[in-house]
Amino acid sequence: DYLEPEMLETLLNALQEHGKHVALCNYTNIMMNGTRAARYPSTDEVRVYDRETMMGLILGIGITPVLWANLMERRLYDGIQFPEGHLFEDVRVTYRLHERAGGAVMVMRPLLVRTQRANSISRIRNMSNRVDGGLSSIERSADAVARWPQYGPAMLVASARTLHLLRQNVLTNSPRKF
């Protein structure tokens, strides 16, 4: 994985130009077969989102809840800890950072290149990873739904997706793989 040389400068300029506290960028995935694909449609556009729109995108997984494609002010992390002993910690933390941020700016040009690996935690098909992935979405929903009830259905769909992956994993693998 690597950052494009202009990534940090581009995100910092977007923060300053639009008066936001979080800047995100599009990224390119290099698939296991070697093909490349941008995560979102690649354009020169810079999108500015208010807090409510950003929360809808994050809670409904319209924007992947990762931290490695973000530049955000340090103060947003005050009092927030990553859960120890859990995978998919981004899902458990990102939405709380965006709640504090009051919106975000997103650079739609890919500024980071990410290689999909067969042995990454999101690719390994074992019970522990799938359970932790499902729990991360369910925990996020349980915590956020009281503050963001309008996104309850989107959170339910996001949680259902992770549970569907768990179900597929159980049905397609022998017990020895777990």
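See the structure printed just above.
What comes next is a walk through the structure. Note on numbering: residues in each chain are counted from 1, in written sequence order. With pLDDT at 70 or above as the cut-off, local features in this predicted model cover only qualifying residues; side-chain atom pairs require 80 or more to be listed or tallied, and sums for whole chains, interfaces and linings still use all residues. The side-chain numbers reported here are obtained from all heavy atoms of the structure, hydrogens and water having been left aside.

## Some thoughts on the pattern of salt bridges
Next up, step 1: A pair is scored as a salt bridge if a Lys or Arg side-chain nitrogen falls within 4 Å of a carboxyl oxygen belonging to Asp or Glu. If you walk through the whole model with that rule in mind, you get nine salt bridges.
Next up, step 2: The salt bridge involving E6 is made with R109; its shortest N-O contact spans 3.2 Å. Taken together, the positions of E6 in the loop between β1 (2-3) and α1 (7-18) and R109 in strand β6 (residues 104-115) put the pair 103 residues apart, joining distant regions of the chain.
Next up, step 3: Put simply, D78 and R74 hold a salt bridge, and the shortest N to O gap is 3.5 Å.
Next up, step 4: Each of R92, D132 and E139 takes part in one network of salt bridges that share partners. Numbering of helices and strands runs from the N terminus, with a helix taken as a DSSP run of H or I at least four residues long and a strand as a DSSP run of E at least two residues long.

## Structural notes on empty space enclosed by the protein
Next up, step 1: Put simply, the grid is 1 Å and covers the protein atoms alone, a cavity is a trapped set of points that fit a 1.4 Å probe, a pocket is an open set with protein on both sides within 12 Å along at least five of seven lines, and lining residues have an atom within 4 Å of a point. Grid points are joined across faces, edges and corners, and a volume is the space filled by probe spheres set on the points. Counted according to the given criterion, the structure contains one cavity of 30 Å³ or more.
Next up, step 2: The volume enclosed by the largest cavity comes to roughly 40 Å³.
Next up, step 3: Along the walls of the largest cavity sit L24, C25, Y27, Y40, I63, T64, V66, A69, N70 and M106, which together make up its complete lining.
Next up, step 4: With three residues, the top contributor of residues to the lining of the largest cavity is strand β2 (residues 22-30).

## Here's the deal with the packing of aromatic side chains
Centre distance and the angle of the planes are the two values used to describe a pair of aromatic rings.
Next up, step 1: In this analysis, rings of Phe, Tyr and Trp, with Trp reduced to its six-membered ring, are considered paired at centre separations within 6.5 Å, and the interplanar angle assigns stacked below 30 degrees, edge-to-face beyond 60, and tilted for intermediate values. Enumeration over the complete set of coordinates arrives at three aromatic pairs.
Next up, step 2: With centroids separated by 6.3 Å and ring planes inclined at 80°, the aromatic side chains of Y27 and Y40 adopt a geometry described as edge-to-face. On the criterion of sequence distance, the pair formed by Y27 in strand β2 and Y40 in the loop between β3 (36-38) and β4 (46-49) is long-range, its members being 13 residues apart. Of the two residues, Y27 and Y40, neither departs from the other in class, the shared state being buried.
Next up, step 3: Judged by centre distance (4.8 Å) and plane angle (70°), the rings of Y27 and W68 are edge-to-face. With a gap of 41 residues between them, Y27 in strand β2 and W68 in the loop between α2 (51-59) and β5 (70-72) connect regions that are remote in the sequence.
Next up, step 4: Members of the aromatic cluster, joined through ring pairs, are Y27, Y40 and W68. Throughout this description, buried means an accessible area under 20% of the type-specific maximum (1.4 Å probe, protein chains only), exposed means over 50%, and partly exposed covers the range between.

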